[in-house]
Amino acid sequence: MTQKIVVIGGSAAGPKTAAKARRLDQHAEIVLFQKAPDLSMASCGYPYYVGGTFDDRNQLVETPTGVIRDTAFFLKAKGITAYTQTEVTAIRPDKKTITYKNLLTGEEGETSYDKLVIATGATPNIPPVPGRDLKGITTLQSMQDAEYLRAVRDSGMVKHAVVIGGGLIGMETCEALNLAGIEITVVELLPQILMFLDWDLAKILETHVKTKAARVVTNNPVTEFLGTDGHLSAVRLKDGAELPCQLAVIAIGVRPNVQLAREAKLAVGERGGIAVNEYMQTSDPDIYAVGDCIEVTQRITGKKVLAPFGDLANLEGRVAAQNIVNGNAVTFPGTIQTGVCKLFDFAAGSTGLSEKAARECGFKNVVSVVTAAPDKPHFMDAKLLVMKLVADADTGRILGMQCVGPGDVSKRVAEAAMAIMGKMTVTDVATADLPYAPPFSPAIDNFIAAAHVLENKILGRMKGLSATEFKKKLDAGDDMFILDARGTPEFDAMRLGVGEHLIPLGALRARIQELPEDKDKEIICYCKISLRGYEAASFLEAQGYTNVKVLEGGIMAWPYEREK
Ligand SMILES: Cc1cc2nc3c(=O)[nH]c(=O)nc-3n(C[C@H](O)[C@H](O)[C@H](O)COP(=O)(O)OP(=O)(O)OC[C@H]3O[C@@H](n4cnc5c(N)ncnc54)[C@H](O)[C@@H]3O)c2cc1C
């Protein structure tokens, strides 16, 4: 029997479901309704269109061979009848129909389905503060938003803009507008940007963004948009500061579009997304839901989360299509919340749980380490990577990894994501077989090296001290001997300035008498990335020092101000 599959939503998850269903079933009738004017938009590309990486907006809706994915393409190439600017207004599960309205003509209609797919996406949150309707305030969620911001960029009229929200989209927008020559201030309610990172790594990113001339204000939410003649003129913050600007981009997260589902009495979950089972099936077995409008299982914690990511939207669509066509046959196990973004010369990525999240999720014995290392041999244009590896000390299982820096972040996050999904332990990773050649990585890949350091820490071979722990000790005035094991030229060029003693590793054996006589005194060792620091610590322990610690990641992972 030919089945009729109706899809609501035509950006990522909807078209993926429709296209996969077509590949599996050449006879099904497939109809897709899309509220927006375009189909299959590459939303993740919006910041790069706004920032001028490419100039033709059609590239966002084209196939790799340059064919626009419009209704004619969907019909001819995929055998899918797509309606654009047509909003589905209601779902009637009792009759197995939906009603829709053409937003251009006002014409309304009703159509039946055998299987329905909801892929309605998400809507950006807007802070409930006065002045939010002023002209010059936007989000970056739709093609229209992208076109507006691109026009703003091209007009050259805006000199100052404020980005509200230091998450992934906010920071990508910050870069895009900054590249257009606009002075940007990012305003964040929380104490840090990029909440998927722990504070220490987020701070490294923040410092990088600031060196690129964008201002970042944390811990200070927007309280009012101020305007002149109906147009934005400034943003007021909680501390009373006013930031003059002609443009504000709001990027404080999204909420799932669940209204249709709610009105159809489908179950909505605890996190506010449409509730689905592992087959992507809603509480009505003939209705599936995919993409940003649903909530999914966090694979490590088992808890429900909202995970509005483009890769997941596509994967979920693929699973739903197989189940619709073949009967519930494949499952979607959930997410470990893997993400990555580019920020000027750096990238930032994360997978699994941050240290903070792992503790909050109830892991009792969380252990972490921060490492810093070049991503290739030094003779191959190596770039720095700062990494934080988080594990459950009781089992050794890797729980999360974060990585920032100018090096190849994405590759390391991908490696860690596979290890986490495979439930690998630190010891498993320590002997993993990954590809190696100098253009691509050091002989021991950075992710494996981080596992070695964490293993050393778990086994007590290395007593690591995180930058935040060290800073607390400094602020408390703890009596420590601080040893910088680098060379003099390095010290002259860059140093922490926290009362450290410079004794290069190569001179340590000869200058051991400069160390404290008290063998129980706390000694903190470091260098640029704390490899020489670790070797210095090992040497000192062999000399009978009992309380030697290594500053994790060394100077390159130091998130605080340096003397130099
Ligand atoms: C600027 C930006 C950058 C991003 N960067 C990344 C990234 O780098 N990596 C990543 O993984 N993710 C990224 N994302 C997230 C990613 O784009 C989304 O997760 C993905 O688009 C979700 O797909 P979706 O189909 O569920 O929802 P959407 O893309 O939101 O599409 C839903 C569609 O449904 C339509 N619709 C809604 N209601 C109705 C209705 N009643 N009737 C008919 N149609 C309806 C809407 O018009 C919309 O086109 C980014 C998002 C943005 C905005």
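Note that the structure is predicted; figures quoted are calculated from it, not measured.

The rules behind the values
Residues numbered from 1 in each chain as written. Predicted model: local features only at pLDDT ≥ 70, side-chain atom pairs only at ≥ 80, totals over all residues. Heavy atoms only, no water. Pairing = 2+ DSSP bridges. Helix = DSSP H or I, 4+ residues; strand = E, 2+ residues; numbered from the N terminus. Near = heavy atom within 4 Å. Polar contact = N/O pair within 3.5 Å; in protein donor to acceptor, adjacent residues only side chain to side chain. Areas by Shrake-Rupley, 256 points an atom, 1.4 Å probe, with all protein chains shown as cover. Nonpolar A, V, L, I, M, F, W, Y, C, P; charged D, E, K, R; others polar. Domains from an automatic or database assignment. Contact = heavy atoms within 4.5 Å. Expected span 1.5 Å × (residues − 1). Buried < 20%, exposed > 50% of the residue type's maximum accessible area, 1.4 Å probe, protein only. Buried area = accessible area lost by both parts, 1.4 Å probe. Salt bridge = Lys/Arg side-chain N within 4 Å of Asp/Glu carboxyl O. Axes fitted to C-alpha atoms, helices over the stretch in contact; angles between N-to-C directions.

Draft legend 1. Quick look at the sheet that holds strand β28 (residues 480–484). Read from one edge of the open sheet, five strands run β27-β31-β30-β28-β29, paired in parallel fashion. In this open sheet, the two strands that pair with only one neighbour each are β27 (464–465) and β29 (501–502).

Draft legend 2. View of the site of the ligand. Near the ligand, the surroundings consist of 33 residues, among which Ala-13, Gln-34, Val-88, Asp-292 and Gly-310 are the closest. In the environment of the ligand, an oxygen atom lies 2.8 Å from a nitrogen or oxygen atom belonging to the backbone of Ala-13. A distance of 3.0 Å separates an oxygen atom of the ligand from a polar side-chain atom of Gln-34. When the ligand is considered free in solution it has 990 Å² of accessible area, and contact with the protein chains removes 88% of it. Where the shell around the ligand is concerned, the elements lending two or more residues are β4 (86–92), α5 (168–179) and α8 (310–326). Among the residues forming the shell around the ligand, the class breakdown is 17 nonpolar, 11 polar and five charged. Two domains each put at least three residues into the shell around the ligand: domain 1 (4–122 + 255–326) and domain 2 (137–252).

Draft legend 3. Region of interest: the side chain of Asn-456. Counting through the fold element by element, Asn-456 comes out in helix α12 (residues 446–458). Among the polar contacts listed, one links the side chain of Asn-456 to the side chain of Tyr-534, at a separation of 3.5 Å. Among all residues touching Asn-456, those that are not within four sequence positions of it are Arg-461, Met-462 and Tyr-534.

Draft legend 4. Summary view of helix α10 (residues 409–421). Compared with the 18 Å implied by 1.5 Å per residue over 13 residues, the 18 Å span of α10 between its first and last C-alpha is a close match. Among the residues making up α10, those that are buried are Val-409, Arg-412, Val-413, Glu-415, Ala-416, Ala-417, Ala-419 and Ile-420. On its buried face, α10 sits against β22 (339–343), β23 (346–352), β25 (384–392), β26 (398–405), α11 (426–430) and α12. Between the side-chain oxygen at the start of α10 and the backbone nitrogen of Lys-411 there is a gap of 3.2 Å, and the oxygen is on Asp-408. Downstream of α10 by a residue or two, Lys-423 has a phi angle that is positive, lying close to 55°.

Draft legend 5. Broad picture of the domain arrangement of the chain. For the chain, the assigned domains are domain 1 (4–122 + 255–326), domain 2 (137–252), domain 3 (339–456) and domain 4 (464–557). A straight line from the C-alpha centre of domain 1 to that of domain 2 covers 30 Å. Contacts between the two partners involve 17 residues from domain 1 and, on the opposite side, 15 residues from domain 2. Roughly 1,400 Å² of surface becomes buried between domain 1 and domain 2 when both sides are summed, with 61% attributable to carbon and sulfur atoms. Here Glu-147 and Arg-57 are joined by a salt bridge, their closest N and O atoms 2.7 Å apart. For the interface between domain 1 and domain 2, the tally reads seven residue pairs in polar contact (both at pLDDT 80 or more).

Draft legend 6. Structural context of the sheet that holds strand β13 (residues 222–228). The strand order β13-β14-β15 describes an open sheet built from three strands, whose pairing is antiparallel. Of all strands in the sheet, those with a lone pairing partner are β13 and β15 (242–244), marking the two edges. Direction aside, neighbouring strands of the sheet carry axes that sit 30° apart on average. The sheet contact formed by β13 and strand β14 (residues 231–237) spans six bridges and is antiparallel. Along β14, the bridge assignment pairs Val-222 with Leu-237.

Draft legend 7. View of the pattern of salt bridges. Considering all chains together, one arrives at 34 salt bridges under this definition. A salt bridge links Lys-95 to Glu-110; the nearest nitrogen and oxygen atoms lie 2.9 Å apart. Residue Lys-95 is found in the loop between β4 and β5 (97–102), and its partner Glu-110 is found in strand β6 (residues 108–112); the two are separated by 15 residues along the sequence. Glu-110 sits in the partly exposed class, given a relative accessible area of 40%. Asp-154 is the partner of Arg-153 in a salt bridge, and the nearest nitrogen-oxygen pair spans 3.1 Å. By sharing partners, the salt bridges in this structure join Asp-198, Asp-200, Glu-355, Arg-359 and Lys-388 into a single network.

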